[in-house]
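Coordinate inspection notes
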Amino acid sequence: MSDASLSDAGAASPPLAATRPARLRLGPLAPWLLALPPVAFMLAFYALPVLGMLSRAVLDPGWTLVHFQALGDDPVFQRVLWNTLYLAVLVTLGTLLLGYPVALLLVRARRMAPLILLLILLPFWTSVLVRSYAWMVLLGRHGLVNEAMLALGLLDRPLRILNTPLATQIAMIHILLPYMILPIANTLRQIDHSLLRAAAGLGASPWSTFRQVVLPLSLPGVAAGTLLVFVLSLGFYITPALVGGPRDTTLSMLISQQVDQLNWAYAACLSAVLLATALVIIGVFAKICGLGGGAFRMSAR
Amino acid sequence: MTVPKDRARVQLPPTTTIGRRAALGLAAGLAAPFLLPGRAEAQAALPDVTNVPDILKGRGEVRVATFGGTMQETQRLAYFEPFERLCGIQVRDVSGSDSGKVRAMVETKNVEWDLCQLSRGTVLNLQKRGDYFEPVDYDIVDGGVESQYRFEYGLEMLVWAQVMAYRTDAFKGAVPVGWKDFWDTRKFGGERALGGHTSGQTPELEFALLAAGVPADKIYPINVDTAFASYDKIKSEVVKWWDTGALPVQMLTDREVTMTSVWNGRMAALQAAGVPAAISWSQGLLKRDCWAVPKGARNAANAMKFIAFSTMAVPQARVSLQIPYGFVNSKSVEYVPAERLAILPSAPEIKSQLVPYDYGWWVDNRDAVLARFNRWLLT
């Protein structure tokens, strides 16, 4: 904590500025003071509007739960919720399976590490929309993938990949991969090398070193990545709309439809469900991994 | 983390975000390069607005929300520039016109737009729920604007068609005509795309009825059961229920589908790019966009002047000369060459093949139909 930031925090709050000579005793308060502006910002510009939006779900026309009750026997909602959760689980598994080895490679590689990082980050910095369109070009009936497989004689006629759930899954896994790789790489990097040498010295094979040392120690990163990817994929809109099949409506697509049709109470209900789902997932992770102690403290270690 | 919440609907790959339902935006990214050799040249080729009635002159500004894209560029050339020059009112145009935003603005009394591009259906739907728009000042509107385009809370200013389009290289020279052929996947093979029910669109129940043999003049009031029964027959062949005008033309270009419904303006760009595709005007739907003034708009008087100006003969012609969409002022005919007139949806021999979209029926039935469409598609 630099002096500059401390005195900034003091200046922002007159009573504290008055007790400046005693600023060392305010040490424990400083983080809270520093957190005050962003917290106030989030309250004013995020929490309040979200609450206002959610209140539509129960206040239209007067206090009522009828909109939520209606969801219970709405087959469209059930199908869309299932679509969304299934997609999020699949995409999370896909990014984990593909991302973990890349994270390992990123940490182990020395000279190539900047290049690998660049390859991960370049697409990350590209708009989701552009990448979704790129997948349309790649996966199309006459796209690169099909043409290549036809040319190699692997296929007799083009496969239908674009406009199917598979296309959505492929594109979303690609788009969300960095969110899985980076937290895992972060925990892997912090594993003490002497532990690995000790394991090897005690006769462990590389595989059992990985299984018994590296993997358990990297779990906080896995948890963080899984949480990020899962929660982000719950809200996907453009990608399923562009490359997905005709029946692959996700919750955020349904919300957008309902806003468009001015059914704002219904849209607010759906948003509440989406938000609650995300919160439950975060809560579960907090319970299992310990949010403060595990997943999110990795970089502080 | 800016990734997935993005809600943009219509975007063409490398260029700008086009606002929602950029009917026009469409022609946008694609058409502009082909239709407009250059801004200066295009301007030179357009008829000039030479004088305006004094009553349209004023000062200050008018904030106009459009559907964005290149259509906004077209509108700038056609309307905004001459209006600023001749009427002395500055135009501040933004993209992203949307009924939800109008509702929010009016309800919070924080109206940021003086004028917006919408459809008659959208305006009537919103007006059904409360008082969201100012009545149009028809005292200053040009007499050449036909009565069919006028309604209390808006004035239509752009005529377009939702039509069938197909790959000319897909059927060995056979030419599909009408929706019966579109539904006939044996005679005309290949997959299909049809318009969906999002982004302010209504599902194309009219096409389903025409495919089932209902005569064009008996479509409205729509028999919804018959329409969905007809939809059942094509459902498995439809790979996409598109919600943005960019998609169907993209899918035709990429040979993902052999036939689809499209907005006619987008096809000009496709054909100019050399894609072997054609429009079948027969049994298309004739639709319109309109101007409407949100209730409580600060510059409502200027907005009324702009509405009157943009529907005068010359400004209307200036749009049709840039993008193949029709005009609402009968006097615009004098400013559009015959060969251009012949490809507009308002051309008599084309218009007679089209079915006028019944905004009134859809205002009464949209919510029920959209809910049923969702059920039909998803469960």
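Owing to the predicted nature of the structure, the values given are computational and were not obtained by experimental measurement.

Digging into the overall build of chain B
Looking only at helices and strands, chain B features 15 helices and 13 strands. For chain B, the residues scored as buried account for 63% of the 379 residues in total. When contacts within chain B are restricted to residue pairs at least 6 apart in sequence, long-range pairs at least 24 apart make up 72% of them. In the form shown here, chain B has an accessible surface area of approximately 13,800 Å², with 51% of it arising from carbon and sulfur atoms.

Topic: the domain arrangement of chain B
Taken as a whole, chain B is organised into domain 1 (15–159 + 288–344) and domain 2 (160–287 + 358–378). Computed from C-alpha coordinates alone, the two centres of domain 1 of chain B and domain 2 of chain B are separated by 27 Å.

Looking at the packing of aromatic side chains
All names here are of chain B. For the structure on display, the rule yields 32 aromatic pairs over all chains. Between the aromatic rings of tyrosine 79 and phenylalanine 306, the centroid separation amounts to 6.0 Å while the plane-to-plane angle is 85 degrees, which identifies the pairing as edge-to-face. Of this pair, tyrosine 79 sits in helix α3 (residues 69–87) while phenylalanine 306 sits in helix α11 (residues 300–310), and the two are 227 residues apart along the sequence. Take tyrosine 79 and phenylalanine 306: they sit in the same class, and that class is buried. Among the aromatic residues, those joined into a ring-pair cluster are Trp179, Phe182, Trp183, Phe207, Phe228, Tyr231, Trp241, Phe373 and Trp376. Just above the ring of phenylalanine 182 sits the side chain of arginine 192; from NZ or CZ to the centre is 5.2 Å. Seen from the ring of tyrosine 357, lysine 287 lies directly overhead, with NZ or CZ sitting 4.5 Å from the centre.

What to know about the pairing of strand β9 (residues 192–195) of chain B
Within a regular beta strand, the side chains point alternately toward one face of the sheet and then the other, so they alternate between its two faces. All names here are of chain B. Burial of β9 is two-sided: the residues Arg192 and Leu194 facing one way and the residues Ala193 and Gly195 facing the other way are all buried. Relative to strand β11 (residues 259–263), β9 runs parallel, the two sharing 2 bridges. Paired with arginine 192 across the bridge in β11 is methionine 259.

Points about the packing of helix α11 (residues 206–234) of chain A against helix α14 (residues 264–289) of chain A
All names here are of chain A. Viewed as axis vectors pointing N to C, α11 and α14 meet at an angle of 170 degrees, and their least axial separation amounts to 10 Å. Taken together, α11 and α14 sit at an angle that is classed as roughly antiparallel. For the pair formed by α11 and α14, the contact residues are Ala223, Thr226, Leu227, Phe230, Val231 and Leu234 on the first element and Leu274, Thr277, Ala278, Ile281, Ile282, Phe285 and Cys289 on the second. Grouping the amino acids of the contact of α11 with α14 by side-chain chemistry returns 11 nonpolar, 2 polar and no charged.

A closer look at the packing of helix α5 (residues 120–128) of chain B against helix α15 (residues 359–378) of chain B
Residues and elements named next belong to chain B. Relative orientation of the contacting elements α5 and α15 amounts to 45 degrees, with a least axis distance of 9 Å. In this view, α5 runs oblique relative to α15, as classed from their interaxial angle. In this structure, α5 crosses over α15, and the sense of that crossing is right-handed. Residues Arg120, Gly121, Leu124, Asn125 and Lys128 of α5 form the contact with α15, whose own contacting residues are Tyr359, Val363 and Arg366. Taken together, the residues of the contact of α5 with α15 sort by class into 3 nonpolar, 2 polar and 3 charged.

Structural notes on the pattern of salt bridges
Counted according to the given criterion, the structure contains 20 salt bridges over all chains. For B:Asp114, the salt bridge goes to B:Arg63, with nearest N and O atoms at 2.9 Å. Note that B:Asp114 is positioned in the loop between α4 (99–107) and β5 (115–118) and B:Arg63 in strand β3 (residues 61–66), a separation of 51 residues in sequence. The partner of B:Asp142 in a salt bridge is B:Lys331, with the nearest N and O atoms 3.1 Å apart. Residue B:Asp142 is located in the loop between β6 (133–134) and β7 (150–151), and its partner B:Lys331 is located in the loop between α12 (313–320) and α13 (338–341); the two are separated by 189 residues in the primary sequence. The network of salt bridges with common partners includes A:Arg56, B:Arg103 and B:Glu107.

Section: the nonpolar core
A general feature of soluble globular proteins is that nonpolar side chains tend to end up buried together. Residues B:Phe133 and B:Met267 are the most contacted members of the largest nonpolar core, which totals 97 residues. Aside from chain neighbours lying at most four places away, what touches B:Phe133 is B:Val102, B:Leu118, B:Val123, B:Leu126, B:Gln127, B:Tyr153, B:Ala292, B:Val293, B:Pro294 and B:Lys295. Ranked by size, the runner-up nonpolar core spans 60 residues in total, among them A:Phe230, B:Tyr357, B:Trp361 and B:Leu377.

Thoughts on the interface of chain B and chain A
The partner chain A presents 41 residues to the 45 residues of chain B that form the contact. Applying the counting criterion to the chain B and chain A interface returns 3 salt bridges. Ionic pairing is found between B:Glu107 and A:Arg56, a salt bridge with its closest N-O pair at 3.6 Å. Sorting the residues of the side of chain B that touches chain A by element identifies α4, β10 (238–242), α9 (246–253) and α15 of chain B as the ones contributing at least two each. Sort the elements by how many residues they give to the side of chain B that touches chain A and α15(B) lands first, with 7 residues. Across the side of chain B that touches chain A, the residue classes break down as 17 nonpolar, 10 polar and 18 charged.

Examining helix α13 (residues 251–260) of chain A
Every α-helix winds through 3.6 residues per turn, so residues three or four apart in the chain are directed the same way. The element α13(A) is largely enclosed, with a buried count of 9 among its 10 residues. For α13(A), the full list of buried residues reads A:Leu251, A:Ser252, A:Met253, A:Leu254, A:Ile255, A:Ser256, A:Gln257, A:Gln258 and A:Asp260. Those residues of α13(A) that are buried lie in contact with α5 (75–108), α12 (238–243) and α14 of chain A together with α4 and α15 of chain B. Once α13(A) ends, the next one or two residues include A:Leu262, with phi positive near 65 degrees.

Notes on the environment of B:Thr253
Residue and element names in this part refer to chain B. Within the secondary structure, threonine 253 is located in helix α9. A relative accessible area of 32% means that threonine 253 is categorised as partly exposed. Beyond its immediate stretch of four places on either side in the chain, threonine 253 contacts Arg167, Leu270 and Val275. Polar contacts involving the side chain of threonine 253 include one to the main-chain carbonyl oxygen of valine 249, which spans 2.6 Å.

Looking at the side chain of B:Gln162
All names here are of chain B. Here glutamine 162 is to be found in strand β8 (residues 154–167). Within the structure, the side chain of glutamine 162 is placed 3.0 Å from the side chain of lysine 287, a separation counted as a polar contact. Ignoring anything within four residues of it in the chain, the contact list for glutamine 162 reads Gln201, Glu204, Phe207, Trp242, Val262, Trp263, Gly284, Leu285 and Lys287.

Quick look at a nonpolar patch on the surface
Residues and elements named next belong to chain A. Together, Phe41, Met42, Phe45, Tyr46, Leu275 and Leu279 line one region of the surface with nonpolar side chains, adding up to about 650 Å² of accessible area. At the level of secondary structure, the elements contributing two or more residues to the nonpolar patch comprise α3 (30–58) and α14. The element best represented in the nonpolar patch is α3, accounting for 4 residues. In this fold, leucine 275 is placed in helix α14. For leucine 275, a relative accessible area of 32% corresponds to the partly exposed category.

Focus: the confidence of the model for chain B
Residues and elements named next belong to chain B. Scored by pLDDT, chain B comes out at a mean of 88, with 88% of its residues at no less than 70. The secondary structure element of chain B with the lowest average pLDDT is strand β1 (residues 10–11), at 34, and the one with the highest is β6, at 98. Predicted confidence for residues 1–41 stays below pLDDT 50, and this span has 118 contacts to residues more than four positions away or in other chains. Here the predicted complex carries an ipTM of 0.81, next to a pTM of 0.82.

Reading the values: the criteria
- Position numbers for residues start from 1 in each chain and track the written sequence from start to end.
- Here the convention is simple: chains get letters from A, ligands get numbers from 1, in the order in which they are written.
- Thresholds applied to this predicted model are a pLDDT of at least 70 for local features of residues and 80 or more for the giving and counting of side-chain atom pairs; totals over whole chains, interfaces and linings are not thresholded and use all residues.
- Excluded from the side-chain calculation are hydrogens and water; included are all heavy atoms of the structure.
- Counting from the N terminus, the helices are DSSP H or I runs at least four residues long and the strands are E runs at least two residues long.
- Residue exposure (1.4 Å probe, protein chains only): buried if accessible area is under 20% of the type maximum, exposed if over 50%, otherwise partly exposed.
- For this analysis, residues touch if any pair of their heavy atoms sits within 4.5 Å.
- Here the accessible surface of atoms and residues is derived via Shrake-Rupley with a 1.4 Å probe, and residues count as covered only by protein chains that are part of the display.
- An automatic or database domain assignment supplies the residue ranges for each domain.
- Pairing of aromatic rings covers Phe, Tyr and Trp, the last counted by its six-membered ring, and requires centre-to-centre distances within 6.5 Å; plane angles under 30 degrees mean stacked, over 60 mean edge-to-face, and any other angle means tilted.
- Throughout this description, the term charge over a ring refers to an Arg CZ or Lys NZ atom that lies within 6 Å of the ring centre and within 35 degrees of the ring normal.
- Whether two strands pair depends on DSSP finding at least two bridges between them.
- Under this scheme, a helix contributes an axis fitted over its contacting stretch, all axes are lines through C-alpha atoms, and angles between N-to-C directions fall in the 0 to 180 degree range.
- In these notes the angle categories are as follows: under 35 degrees is roughly parallel, over 145 is roughly antiparallel, 65 to 115 is roughly perpendicular, and the rest is oblique.
- Side-chain classes follow a simple rule in which Ala, Val, Leu, Ile, Met, Phe, Trp, Tyr, Cys and Pro form the nonpolar group, Asp, Glu, Lys and Arg form the charged group, and the remainder, Gly included, forms the polar group.
- Handedness of a crossing is defined here by the sense of rotation of the near helix relative to the far one, left-handed for an anticlockwise turn of less than a right angle and right-handed for a clockwise turn.
- We define a salt bridge as a contact between a side-chain nitrogen of Lys or Arg and a carboxyl oxygen of Asp or Glu at a distance within 4 Å.
- In this description, a nonpolar core means a group of buried Ala, Val, Leu, Ile, Met, Phe, Trp, Tyr and Cys residues linked to one another through side-chain atoms lying within 4.5 Å.
- Pairs of N or O atoms within 3.5 Å make up the polar contacts considered here, provided that, within protein, one atom can donate a hydrogen while the other can accept it, and that residues adjacent in sequence are counted only when both atoms are side-chain atoms.
- Nonpolar side chains (Val, Leu, Ile, Met, Phe, Trp, Tyr) within 5 Å and like charges within 9 Å form the patches, drawn only from residues with over 30% relative accessible area and no salt bridge.
- Across the chain, each position has a pLDDT score giving the predictor's confidence in that residue, from 0 to 100.

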